[in-house]
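# What the coordinates show
Next come the chains, spelled out residue by residue.
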Amino acid sequence: MNEENEKTIKIGFFQKVWNAITKIEKYPDMAAEGLGRAFTYISKIVAILAIVLCLGMVYQTHKILQEGVQYLQNEFPEFSYQDGILDVTSEKRLTISEDDSYVGRVVIDTKTEDEQVINQYINEVNKAGSGMIVLKDKVILKNGAVTGTISYNYKELLGQMGINEFTKQTVIDYANSSQVITLYVSVFITVYIYCFIMYLLTTLTNAVFLSIFGYLTTWVARIKMRFLAVFNMSVYALTLSVLLNILYIAVNIFVDFKMEYFQVMYVSVAAIYLVAAIFLLKTEFVKKQIELMKIADAQEMVRKEMQEQEEKEKQEKEKKERQEEDRKEEKKEKEDKQEKEEQNGGEEAPEGSNA
């Protein structure tokens, strides 16, 4: 037993990934390692997923930044920022449609302070679903997933980053300099922490729901398993689904590829792996029962043969003992008879001599 545990401990992470995809029969052994190792395993898988997603975000950030630099140089008017005030050299508002923007409809107007006009801009962005309104002292953001808008004051927002002033040219120079690497690192770290936590919670939630389904499957299969063991197996069953998710994200970094029923496939693949592992475990259990029954039958046959042999030996022993007793009795009878004859012979001799 100790040797088997040592072999299990020595299995590396990538070997476990391979076993989780190609060797379903290893699930019970991996699940037997405990909840701690299962959690560590899924955390590493999610960490890889988060890294791929972050690299994609950095790439997209770089791409957007380069496109933004080109737009600033060729199409956008001059602008400057100082002491919390942004000034864009344009007498009329600038509008970027949602088709040409990554954040939705963008309205830029640093001249107006009229609240009615600003409310019109907000309504316009709300109708578009998402977007951004750039004013002289603040920026208003609208996210399609959130009701309402969020406002950020330039002085507070940029002041925290130590930015007090800039111009169009300084922004372009910064984007083209090596200092922009700091921005990429900041994006990577921020997105990584967020993605790791969110994907880990999501994956663990999926594992819980999957383990409930798996536990119900054990009832159908009529095999007794602890819920914790089923949960551990569910974690390993999610391996291929998470790896497919990583591949899906990697493809979307370079190609706008959408799979409508990807989430359904994500859950289905994991469920198939878990059910297959449970029924395979059931099959192995039945095989072991059959083997135990055969062993029990063989032991019963041996026991009966041993009993028959012992009975036979006992009978032979009793027979020999009876024969030995018979021989002793015969010998005793002969000795008694001979003794009587000798005694009778001794008594008849004197009578003959008197005659």
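Use the structure listed above.
Structural notes, computed from the coordinates.

The rules behind each value
- Residues numbered from 1 in each chain as written.
- Predicted model: local features only at pLDDT ≥ 70, side-chain atom pairs only at ≥ 80, totals over all residues.
- Heavy atoms only, no water.
- Helix = DSSP H or I, 4+ residues; strand = E, 2+ residues; numbered from the N terminus.
- Buried < 20%, exposed > 50% of the residue type's maximum accessible area, 1.4 Å probe, protein only.
- Contact = heavy atoms within 4.5 Å.
- Areas by Shrake-Rupley, 256 points an atom, 1.4 Å probe, with all protein chains shown as cover.
- Core = buried A, V, L, I, M, F, W, Y, C linked by side-chain atoms within 4.5 Å.
- Phe/Tyr/Trp six-rings, centres within 6.5 Å; stacked < 30°, edge-to-face > 60°.

## Some words on the overall build of the protein chain
- Each helix and strand counted, the protein chain has eleven helices and eight strands in total.
- Across the 355 residues that make up the protein chain, the buried fraction comes to 29%.
- A sequence separation of at least 24 residues applies to 63% of the contacts in the protein chain between residues at least 6 apart.
- As presented, the protein chain carries roughly 24,100 Å² of accessible surface, and 57% of it is formed by carbon and sulfur atoms.

## Quick word on the nonpolar core
- Counting 46 residues, the largest nonpolar core has Y27, Y41 and M233 as its most contacted members.
- The element best represented in this core is helix 4 (residues 35-74), accounting for ten residues.
- Look past the residues within four positions of Y41 in its chain and what remains in contact with it is F13, K16, V17, A20, V235, Y236 and T239.

## Quick notes on the packing of aromatic side chains
- For the structure shown, the criterion picks out twelve aromatic pairs.
- When the centroid spacing of 5.6 Å and the interplanar angle of 50 degrees are considered together, the rings of F13 and Y41 count as tilted. With a gap of 28 residues between them, F13 in helix 2 (residues 13-22) and Y41 in helix 4 connect regions that are remote in the sequence.
- Classification of Y41 as buried rests on a relative accessible area of 2%.
- Their ring planes at 5 degrees and their centres at 6.1 Å tell us that F188 and Y192 sit as a pair that is stacked. Of this pair, F188 and Y192 both sit in helix 8 (residues 180-221), four residues apart, roughly one helical turn.
- Since its relative accessible area comes to 27%, F188 is described here as partly exposed.
- By the ring-pair criterion, three or more aromatic residues cluster together here, those being Y71, F76, F79, Y81, Y154 and F166.

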